[in-house]
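# Architecture and fold: a report
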Amino acid sequence: MSTAKKDYKRVTTRSLIEMKANGEKISMLTAYDYTMAKIVDTAGIDVILVGDSASNVMAGHETTLPITLDQMIYHASSVVRAAQRSLIVVDLPFGSYQSDPKEALRSSIRIMKESGGHAVKMEGGSEIKDSMKKILNAGIPVMGHLGLTPQSIYKFGTYTVRAKEEAEAEKLIEDARMLEKVGCFAIVLEKIPAELAKKVADRISIPVIGIGAGGGVDGQVLVIHDMLGMNNEFNPRFLRRYMDLFDGMTKAIGQYVTDVKSEDFPNEKEQY
């Protein structure tokens, strides 16, 4: 089992490269608001992802597509105010970078200037290479994202495991090498076979962080609402629930309702 090799007061993109080189696994979780980010950061998470999954878990949308750049900046700025140690990576939302490299750069600059985030994350490989290079040339760190790319859900038509076929697996490896070559500091691999994910991690020098990609990669990421059991409807194989907050919070709120209606709350000690 790997152990921490260095105590980072502030995790940076360089820190993640060092962690991979030293065999230290990288921990990453999502957060979307000040209070949750404060808890996650205090617990020692290396990377906080302000994910476009906020569209699902915060706003209740079926997909990640509806969330806007303004909304992502709002969530990211809340997280940045809370975090003292973690590296803050912010998803570029759907429609903010795919059509035009100049638009991609403008979107990234807005995120960096208005939220204070430390890096952006983009979904896709060779098809967004020009946009990625434009952002990187401006000095903005970029994290790539390959495999299952939720912003392309209507293209795929399903959230099933990606890159099981040889052609798609080979393209994924080529795209990962391309992301490394253009200057990405890390890559997320989502929902692909563990053997393929390990092959990618072994072949490139930048960290590979998996979600549903097995244990052979350099780190792991989960959505905070899923791993804490706040969302009890999402049950993929790769998810480990560390708490059952849905049940615990439901019971607590139910007890509060009972205590208010029975006039048990507030009691004499809870009054001025």
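Before reading on, note that the structure itself is shown above.
This write-up is about the structure you can find in this document. Quick caveat: nothing in here was measured; it's all calculated off a predicted structure.

### Details of the packing of helix α6 (residues 129–137) against helix α8 (residues 166–182)
- For the pair α6 and α8, the least separation of the axes is 10 Å and the interaxial angle reads 25 degrees. Comparing their axes, α8 and α6 come out roughly parallel. Crossing handedness for the pair α6 and α8: right-handed. Side by side, α6 and α8 meet where Lys129, Met132, Lys133 and Leu136 of the first sit next to Met178, Leu179 and Val182 of the second.
- Along the lines of polarity and charge, the residues of the contact of α6 with α8 split into five nonpolar, no polar and two charged.

### Quick notes on the environment of Pro93
- Checked against the element boundaries, Pro93 lands in the loop between β3 (87–91) and α5 (101–115).
- Judged by its relative accessible area of 1%, Pro93 is buried.
- When the C-alpha positions of Pro93 and Gln255 are compared, they lie 39 Å apart, and in sequence the two are 162 residues distant.
- Setting aside anything within four residues of it in sequence, one finds Pro93 in contact with Ile67, Thr68, Leu69, Met72, Gln98 and Gln151.

### Quick look at the layout of surface pockets
- Each pocket or cavity is described by its volume, and for the largest pocket that value is around 800 Å³.
- As for the largest pocket, its lining consists of 33 residues, and the residues nearest its centre are Ser53, Asn56, Val223, Asp226 and Phe234.
- Where the lining of the largest pocket is concerned, the elements lending two or more residues are α3 (54–57), β4 (119–123), β6 (186–190), β8 (219–222) and α10 (224–227).
- Of the residues that constitute the lining of the largest pocket, the class distribution is 14 nonpolar, ten polar and nine charged.
- In this structure, the second largest pocket spans a volume of roughly 680 Å³.
- Residue assignment for the lining of the second largest pocket shows that the elements contributing at least two residues are β1 (26–30), β7 (208–211) and β8.
- Here the lining of the second largest pocket is composed, by residue class, of 14 nonpolar, seven polar and four charged.

Cut-offs and rules
Each chain carries its own residue numbering, running from 1 in the direction its sequence is written. This being a predicted model, a pLDDT of at least 70 is required before a residue's local features are given, and a value of 80 or more before pairs of side-chain atoms are given or counted; all residues contribute to the totals for chains, interfaces and linings. Note that water and hydrogens are dropped before the side-chain values are worked out from all heavy atoms of the structure. Whenever a helix is involved, its axis is fitted only over the stretch in contact; in every case the axis is a line through C-alpha atoms, and angles between N-to-C directions fall within 0 to 180 degrees. Helix numbers and strand numbers start at the N terminus; a helix is a DSSP run of H or I with at least 4 residues, a strand a run of E with at least 2. Reported orientations rely on four angle classes, namely roughly parallel under 35 degrees, roughly antiparallel over 145, roughly perpendicular from 65 to 115, and oblique for the rest. Definitions for this section: a left-handed crossing has its near helix turned counterclockwise from the far helix by less than a right angle. A right-handed crossing has that turn clockwise. Between two residues, a contact is recorded if the distance between any of their heavy atoms is within 4.5 Å. Charged residues are taken to be Asp, Glu, Lys and Arg, nonpolar residues to be Ala, Val, Leu, Ile, Met, Phe, Trp, Tyr, Cys and Pro, and polar residues to be all remaining types, Gly included. Type-normalised accessible area, obtained with a 1.4 Å probe on protein chains alone, sets the label of each residue: buried when under 20%, exposed when over 50%, and partly exposed for intermediate values. Only protein atoms enter the 1 Å grid, on which a cavity is a set of points fitting a 1.4 Å probe that cannot get out and a pocket is an open set with protein on both sides within 12 Å along at least 5 of 7 lines, lining residues being those with an atom within 4 Å of a point. Grid points are joined across faces, edges and corners, and a volume is the space filled by probe spheres set on the points.

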